[in-house]
Amino acid sequence: MTPKRKQKLFVILGLLSLTAIAVGLTLYALRANINLFFSPVQIAQGDAPMERQIRAGGMVKEGSVSRDPESLDVEFVVTDYVDDLEVYYSGILPDLFREGQGVVVVGELQADGRLYADKVLARHDENYMPPEVAQALEEAGYSPADFQAKAAEVGKRLEQQGVPQASDY
């Protein structure tokens, strides 16, 4: 092999190595930043990874919201009406957060079965349901339209009972 061919071979191998390293690092970075959506049924079946950021969603179960009066800690249950998921969140909830409404939470599922949320995303009008929540409810055999009517009914009942909403804090 001539020195010129040997030099070209080393340059080509070097470029291939750098390309492989760049692709590997990119895939690793993307893997760490992807947060997939899981419904409470999928989490109960063990499909969701532990101690990795995921998105979970469903309806906030009526009567499940528990606030710590001395801090911003909130515990509530997200349900798809098949299984439930306990959620712990420390922070200010969105103004539109309330029981009986669709919600998506972003956080890490821990070994104790609770999701420790970093973000809580609530719907932005009475007719909106996050697409992931609607799909999860449909897969569980429920119609999202039924739950919009049910959510409105739950909201009215809670207002009549004088149950404080997130906007009251």
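Here the structure is a predicted model, which is why all the values come from computation and not from measurement.

## Examining the packing of aromatic side chains
Phase 1: Scanning the model with the defined rule gives two aromatic pairs in all.
Phase 2: Judged by centre distance (4.9 Å) and plane angle (65°), the rings of Phe 76 and Phe 97 are edge-to-face. With Phe 76 in strand β4 (residues 73–79) and Phe 97 in the loop between β5 (84–90) and β6 (102–109), this residue pair connects regions lying 21 residues apart in the sequence. For the pair shown, Phe 76 and Phe 97 are each scored as buried.

## Observations concerning the confidence of the model for the protein
Phase 1: Taken residue by residue, the protein gives an average pLDDT of 81. The fraction at 70 or more is 76%.
Phase 2: Least confident of the elements in the protein is helix α4 (residues 144–161), whose mean pLDDT is 64; most confident is β5, at 94.

## Observations concerning a nonpolar patch on the surface
Phase 1: Residues Met 1, Leu 9, Phe 10, Ile 12, Leu 13 and Leu 16 make up a contiguous nonpolar surface patch of about 670 Å² in total accessible area.
Phase 2: Topologically, Leu 13 is positioned in helix α1 (residues 3–33).
Phase 3: Look at Leu 13 and you get partly exposed, because its relative accessible area is 44%.

## Section: unusual backbone geometry
Phase 1: Not every positive phi belongs to a glycine, and Glu 51 is a case in point at roughly 55°.
Phase 2: Along the polypeptide, Glu 51 turns up in the loop between α2 (40–44) and β2 (53–60).
Phase 3: Its relative accessible area of 53% is what places Glu 51 among the exposed residues.
Phase 4: Not every positive phi belongs to a glycine, and Tyr 81 is a case in point at roughly 65°.
Phase 5: Relative to the helices and strands, Tyr 81 resides in the loop between β4 and β5.

Reading the values: rules and limits
Along each chain, residues carry numbers from 1 onward, in the same order as the chain's sequence is written. For a predicted model such as this one, the threshold for reporting local features is a pLDDT of at least 70, and the threshold for listing and counting side-chain atom pairs is 80 or more; totals across whole chains, interfaces and linings nevertheless cover every residue. Derived side-chain values reflect all non-hydrogen atoms in the structure, with water molecules and hydrogen atoms excluded from consideration. Centres within 6.5 Å make a pair out of two Phe, Tyr or Trp rings, where for Trp the six-membered ring is used; the pair is then stacked when the planes are under 30 degrees apart, edge-to-face when over 60, and tilted otherwise. Each helix corresponds to a stretch of at least 4 residues labelled H or I by DSSP, and each strand to a stretch of at least 2 residues labelled E; elements are numbered beginning at the N terminus. Exposure is judged per residue with a 1.4 Å probe applied to protein chains only, and the accessible area is read against the type maximum: over 50% gives exposed, under 20% gives buried, and values in between give partly exposed. Looking at any residue, its pLDDT shows the predictor's confidence there, from 0 to 100. For patches, a residue must show more than 30% relative accessible area and have no salt bridge; joins then use 9 Å for like charges and 5 Å for nonpolar side chains, namely Val, Leu, Ile, Met, Phe, Trp and Tyr. Surface accessibility follows the Shrake-Rupley procedure with a 1.4 Å probe radius. Residue values consider only the protein chains on display as shielding. Each reported salt bridge corresponds to a side-chain nitrogen of Lys or Arg within 4 Å of a carboxyl oxygen of Asp or Glu.

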